[in-house]
Every structure is written in C-alpha cells, then in structure tokens.
Amino acid sequence: ASNARTTLTILRMYLHTPDSKRPTHYREAWWEEDTKEFVLHYGKVGEIGTTKVESVSNPNEAEMLLSSFLEQSRNDSYVDVVEVDQDTFTVTIKQRGKEPTAVEMTNAEKFLQEYTGLLAWRGIGAVEDWESVSGQGKFVFNVRTVHRNKAMKLASQAVQKTDFRADRLSTEGR
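Residues numbered from 1 in each chain as written. Predicted model: local features only at pLDDT ≥ 70, side-chain atom pairs only at ≥ 80, totals over all residues. Heavy atoms only, no water.

Chemist: Before we go on, may I ask you to explain the pairing of strand 8 (residues 138–145) in this structure?
Modeler: In summary, the side chains of a regular strand alternate between the two faces of the sheet. Taken across its eight residues, strand 8 has six buried, putting it largely inside the fold. Sheet analysis places strand 6 (residues 87–94) next to strand 8, joined by eight bridges and oriented antiparallel. Counterpart to Phe-89 in the pairing with strand 8 is Val-143. Direction of pairing for strand 7 (residues 125–133) relative to strand 8: antiparallel, over a ladder of eight bridges. Paired with Ser-132 across the two strands is Phe-139, which belongs to strand 8. (Buried < 20%, exposed > 50% of the residue type's maximum accessible area, 1.4 Å probe, protein only. Helix = DSSP H or I, 4+ residues; strand = E, 2+ residues; numbered from the N terminus. Pairing = 2+ DSSP bridges.)

Chemist: Sorry if this is basic, but what is going on with the side chain of Arg-27 here?
Modeler: Relative to the elements of secondary structure, Arg-27 occurs in strand 2 (residues 25–32). A polar contact of 3.3 Å, which involves the side chain of Arg-27, links it to the side chain of Ser-73. Apart from residues lying up to four places away in sequence, Arg-27 is in contact with Leu-11, Arg-12, Met-13, His-41, Tyr-42, Phe-69, Gln-72, Ser-73, Asp-76 and Tyr-78. (Polar contact = N/O pair within 3.5 Å; in protein donor to acceptor, adjacent residues only side chain to side chain. Contact = heavy atoms within 4.5 Å.)

Chemist: How should the side chain of Arg-12 be read in this particular structure?
Modeler: On the secondary structure map, Arg-12 appears in strand 1 (residues 11–15). A polar contact of 2.6 Å, which involves the side chain of Arg-12, links it to the side chain of Glu-28. In this view, Arg-12 contacts Arg-27, Glu-28, Val-79, Asp-80 and Val-81; residues no more than four positions away in its chain are not counted.

Chemist: What's the story with the packing of aromatic side chains in this structure? I'm lost.
Modeler: Enumeration according to the criterion identifies six aromatic pairs in this entry. With centroids separated by 5.3 Å and ring planes inclined at 10 degrees, the aromatic side chains of Trp-130 and Phe-141 adopt a geometry described as stacked. One end of the pair, Trp-130, is in strand 7; the other, Phe-141, is in strand 8, and 11 residues separate them in sequence. A relative accessible area of 25% places Trp-130 in the partly exposed class. Members of the aromatic cluster, each reached through a chain of ring pairs, are Phe-111, Tyr-115, Trp-130, Phe-139, Phe-141 and Phe-164. Over the ring of Tyr-78 we find Arg-27; its NZ or CZ atom is 4.0 Å from the centre of that ring. (Phe/Tyr/Trp six-rings, centres within 6.5 Å; stacked < 30°, edge-to-face > 60°. Lys NZ or Arg CZ within 6 Å of the ring centre and 35° of its normal.)

Chemist: Help me understand the sheet that holds strand 2, please; the structure alone is not making it clear to me.
Modeler: Strand pairs in the sheet, formed through backbone hydrogen bonds, run parallel or antiparallel to each other. Strand order in the open sheet formed by five strands is 4-3-2-1-5, and the pairing between neighbours is antiparallel. The two strands at the open ends of the sheet, each matched to only one other strand, are strand 4 (50–55) and strand 5 (78–80). Here the strands of the sheet are splayed against their neighbours by 20 degrees on average, with no regard to which way each runs. Bridging between strand 2 and strand 3 (residues 37–44) involves eight bridges; their strand directions are antiparallel. When the bridges of strand 3 are listed, Tyr-26 appears paired with Gly-43. On the sheet, helix 1 (residues 59–75) packs against strand 1, strand 2, strand 3, strand 4 and strand 5 and is oriented at approximately 170 degrees with respect to strand 2. (Axes fitted to C-alpha atoms, helices over the stretch in contact; angles between N-to-C directions.)

Structure (structure tokens):
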C-alpha cells in the first residue's frame, strides 16, 4: 500500500556567506496545484521560519512567481540547494526480529513523516530514501543535510512521536 502524494517541485535556496562554515539562511518556494496555493517559506537554518501563502489559480502565473523567486534569490546571493556542500549520514532503527512487523513498518513510516517535516520546515535537509534491510532487523534512513548535528538531534525528536524505544535509534556518518 503506497500513499498517493502529489509530487511538487520545491525551489530551495541557501545563503552561505564567506565568513560562515555552512549556510545560515534558507528560502524555498513551491506551487501546490491541488490547493492553488503559492507558498514561500524562509528563515535561519535550524529554525522553523516564516511561511507566506498566496492564492494563485493560474499555472502560468505560478511559473512566473517561481521564476522571479529564483531571480530575486540569486540577486540576494542565495544559491540552489544542489550547489551547497551537504553532509550525508544514516539513521538506523533496530527492529525486534530479523524482519519488520506490520506495527514496526507503520512506525517507520510515522518516523519518516515526522523526521521529514522536522528537517524540511527548518531548512536543514531531507531524508533521501529509506528501507527495511531484509534479514538484518533494521530500518535505514539516508539523510542529506546542511547541518549534521542539528539533523541528528532532530532524529531523536522524531522517534519520540513513534512507538519505537529511543535506544533502538542510532546515527552514523557516511
């Protein structure tokens, strides 16, 4: 059973000043066709930031807004997320047995949803993919982030929203 979700293109930009070790601010914009909403979200990396929503029913107008967002961000020295140095690491959650139970699969999906939200709404990064490693009794979540320490701490916060015991979670760099 898969969840049908609308795939949207999110333009994500970061400000990385020469005097900082990593990006300090983020901006992102997207248009949700279903709700006809143009969303602008921005703030300091690691903080929830500000969200502005505007009703935009015309797809061409939405494209123009995304284009001007991109242009304005570049003028303000922001760069696309793909141009930013990012760390990768894995979050592992141990299962009770060699294969996951239905409850563990549900909790892994709940963790994914919670963790994805915590990372995204703070401009910190994203879960790139995840799997239940067959025969090894573990879930592995691959994370890409601009701030590894903050992202690792958020994994502990996300696991609290599930029925997994906190001591089943571990993180390691790649």
